[in-house]
Amino acid sequence: MDLSFLEQLLGEPVEEQDGYRNVWVVALAWSGELKESDYQLVGKARDLAGSLGAYVHALLLGETASDQLGQDLIAYGADAVYLGQGYPTHASLARFFEEKMPEMVLWNSAAGSRKLAPQVAQQMGASLVTHAIDVMLDPDNRSLLAATPMYGGQAYQVVACHHNPQMATVVPGSFPTPYRDSWRSGEVIPVELVWTPQPPLNPVEPPHSYTPLERADIIIAGGRGVRNGGWTLVEELAAAFARKMPQKRIAVAGSRGAVDEGLIDSEYMVDMTKHIVKPDLYIACGVRGTFQHFGATEGARCVVAINHNPDAPIFKHADYGIIGEVEEIIPALIEALNA
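None of the values given here were measured: they were computed from a predicted structure.

## Things to note about the overall build of the protein
When you go through the protein residue by residue, the secondary structure sums to ten helices and 17 strands. Within the protein, the proportion of its 339 residues that are buried is 53%. Long-range pairs, those at least 24 residues apart, make up 65% of the contacts in the protein with a sequence separation of at least 6. As displayed, the protein has an accessible area near 16000 Å², and 50% of this comes from carbon and sulfur atoms.

## Looking at the environment of Arg256
Inspection of the secondary structure puts Arg256 in helix 7 (residues 256-260). According to the relative accessible area criterion, Arg256 is partly exposed, its value standing at 21%. With ten residues separating them in the primary sequence, Arg256 and Ser266 have C-alpha atoms 7.8 Å apart. Not counting the four nearest positions on each side in its chain, Arg256 is found in contact with His131, Met269, Asp271 and Thr273.

## Re the sheet that holds strand 16 (residues 303-307)
Here we have five strands laid out as an open sheet, ordered 14-13-15-16-17, and parallel in their pairing. Whereas interior strands pair on both sides, the edge strands pair on one side only; in this sheet they are strand 14 (250-254) and strand 17 (320-323). For this sheet, the mean angle separating the axes of adjacent strands, direction not counted, is 15 degrees. Pairing geometry for strand 15 (residues 281-285) and strand 16, over four bridges, is parallel. Opposite Tyr282, over in strand 16, you have Val303 as the bridge partner. Here helix 6 (residues 231-244) sits on the sheet in contact with strand 13 (218-222), strand 14 and strand 15, set at roughly 160 degrees to strand 14. Set on the sheet, helix 10 (residues 326-338) makes contact with strand 15, strand 16 and strand 17; between it and strand 16 the angle comes to about 135 degrees.

## Re the nonpolar core
Ranked by internal contacts, the top residues of the largest apolar core, which has 37 residues, are Leu60, Leu73, Leu106 and Val135. Ranked by residues supplied to this core, first place goes to helix 2 (residues 36-52) with seven residues. Excluding anything up to four places from it in sequence, Leu73 contacts Ala27, Leu34, Tyr39, Val42, Ala58, Leu60, Ala78 and Val81.

## Regarding the sheet that holds strand 3 (residues 80-84)
Reading across from one edge, 6-10-5-1-2-3-11 is the order of the seven strands in this open sheet, with parallel pairing throughout. Among the strands making up the open sheet, the edge pair consists of strand 6 (127-132) and strand 11 (187-190). For this sheet, the mean inter-axis angle between neighbouring strands, taken without regard to orientation, is 20 degrees. Across the sheet, helix 3 (residues 67-75) touches strand 1 (23-28), strand 2 (56-61), strand 3 and strand 11, and the angle it forms with strand 11 is around 135 degrees.

## Quick look at the layout of surface pockets
A water-sized probe rolled over the atoms picks out the places where empty space is left. Roughly 490 Å³ of internal volume is contained in the second largest pocket. Along the walls of the second largest pocket sit 22 residues, with Pro118, Thr130, His131, Arg256 and Asp260 positioned nearest its centre. A total of five residues in the lining of the second largest pocket trace back to one element, the largest contributor, which is helix 5 (residues 113-124). Considering only residue class, the lining of the second largest pocket consists of five nonpolar, nine polar and eight charged.

## Looking at unusual backbone geometry
Most of the time, phi is negative for any residue but glycine, and the peptide bond is trans. Each neighbour pair has its own omega, and for Asn164 with Pro165 the value is -5 degrees, a cis peptide bond. The residue Pro165 is located in the loop between strand 9 (155-160) and strand 10 (166-170) in this model. Phi is positive for His131, close to 55 degrees, though the residue is something other than glycine. Its place among the elements puts His131 in strand 6. In this structure, Arg142 takes a positive phi of about 55 degrees despite not being glycine. If you trace the backbone, Arg142 turns up in the loop between strand 7 (134-138) and strand 8 (143-150).

## Comments concerning the confidence of the model for the protein
When pLDDT is low, close inspection of the predicted coordinates is not appropriate. Per-residue pLDDT for the protein averages 87, and the proportion of residues at 70 or more is 89%. Low pLDDT (under 50) marks residues 5-17, which in the prediction has 15 contacts with non-local residues, meaning those over four places away or in another chain. Below a pLDDT of 50 lies the segment residues 202-208, which in the model reaches 18 contacts outside its immediate sequence neighbourhood of four places, other chains included.

## Considering the packing of aromatic side chains
Across all of its chains, the model carries eight aromatic pairs by this definition. Their ring planes at 50 degrees and their centres at 5.6 Å tell us that Trp30 and Tyr87 sit as a pair that is tilted. A residue pair is termed long-range when its members are at least 10 positions apart, and Trp30 in the loop between strand 1 and helix 2 and Tyr87 in strand 4 (residues 87-88) qualify at 57 residues. Tyr87 matches Trp30 in its accessibility class, with the two residues each being buried. The structure contains a cluster of three or more aromatic residues connected by ring pairs, namely Trp24, Tyr82, Phe96, Phe97 and Trp107.

Reading the values: rules and limits
Residues numbered from 1 in each chain as written. Predicted model: local features only at pLDDT ≥ 70, side-chain atom pairs only at ≥ 80, totals over all residues. Heavy atoms only, no water. Helix = DSSP H or I, 4+ residues; strand = E, 2+ residues; numbered from the N terminus. Buried < 20%, exposed > 50% of the residue type's maximum accessible area, 1.4 Å probe, protein only. Contact = heavy atoms within 4.5 Å. Areas by Shrake-Rupley, 256 points an atom, 1.4 Å probe, with all protein chains shown as cover. Pairing = 2+ DSSP bridges. Axes fitted to C-alpha atoms, helices over the stretch in contact; angles between N-to-C directions. Core = buried A, V, L, I, M, F, W, Y, C linked by side-chain atoms within 4.5 Å. 1 Å grid on protein atoms, 1.4 Å probe; cavity = no way out; pocket = protein on both sides within 12 Å on 5 of 7 lines; lining within 4 Å. Points joined across faces, edges and corners; volume = space filled by probe spheres on them. Nonpolar A, V, L, I, M, F, W, Y, C, P; charged D, E, K, R; others polar. pLDDT = per-residue confidence, 0-100. Phe/Tyr/Trp six-rings, centres within 6.5 Å; stacked < 30°, edge-to-face > 60°.

What follows is the structure, encoded as structure tokens:
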């Protein structure tokens, strides 16, 4: 039995043991401050670590990461904070975790982490559950259990991790914010990783004048394939439909890939775990197509797919398919609507 946590409380010298141990939280600081959900993750990690007899370590990353933000994480429950001022490559971060050997790692399901966590988990051969709304511990075998929504949130499944390190990306706001104890102390340790340009951080959200997805007559959806500035074209296509057909209710949406790329907020995601839609017309721009996406759009009267890849799964379920680059097809559609 691991008694090191109790030994620390009693002031006894502690020796790190070999093997996977400790609960880690990855926090990203892009704008000079952390999100409330970062502190919430530290609080949940504190609960897990208390049951495991382990410590809570935080990895604080970002161009605006600072010693003060590290001390904030300690005040909310972290025992130590590793500080890196930048956005790391997944390979360097995987090597970092291979050295530290965390037993569990919690990530925010937000721009940056949504892309980085699967890459790190794949390289390490780690267990990973994405978009969890709750995490808990199976004490019998030290397994991380994660609850994820299904069928538009009307049901949930609990997934168990069986291979260390055990990882989960957690939907922001899933846990309460813990008490901030300014008397807590801990070490902030600088780390050097291999840095890469940070991903987009400010998702483009649909204008508030657009109709909620469930009540829309026409939905223009963008996928991962409209990155690199192409998302503006999705907005412009929706605006063109709104001008041409003012009597119709128009909405803008995104696939899970678009959400993972930070192109649009998850509130506008068409997926069986979020929004199931039944519009008269559904135009999928740069959406590759997954089972979850098919299930969320099968009630649409007409599905039009635009994708440069003729083998994209979306074409198997579309009523009409246009093979070509989104950056070329959408302007042509807009021109036709404006004629």
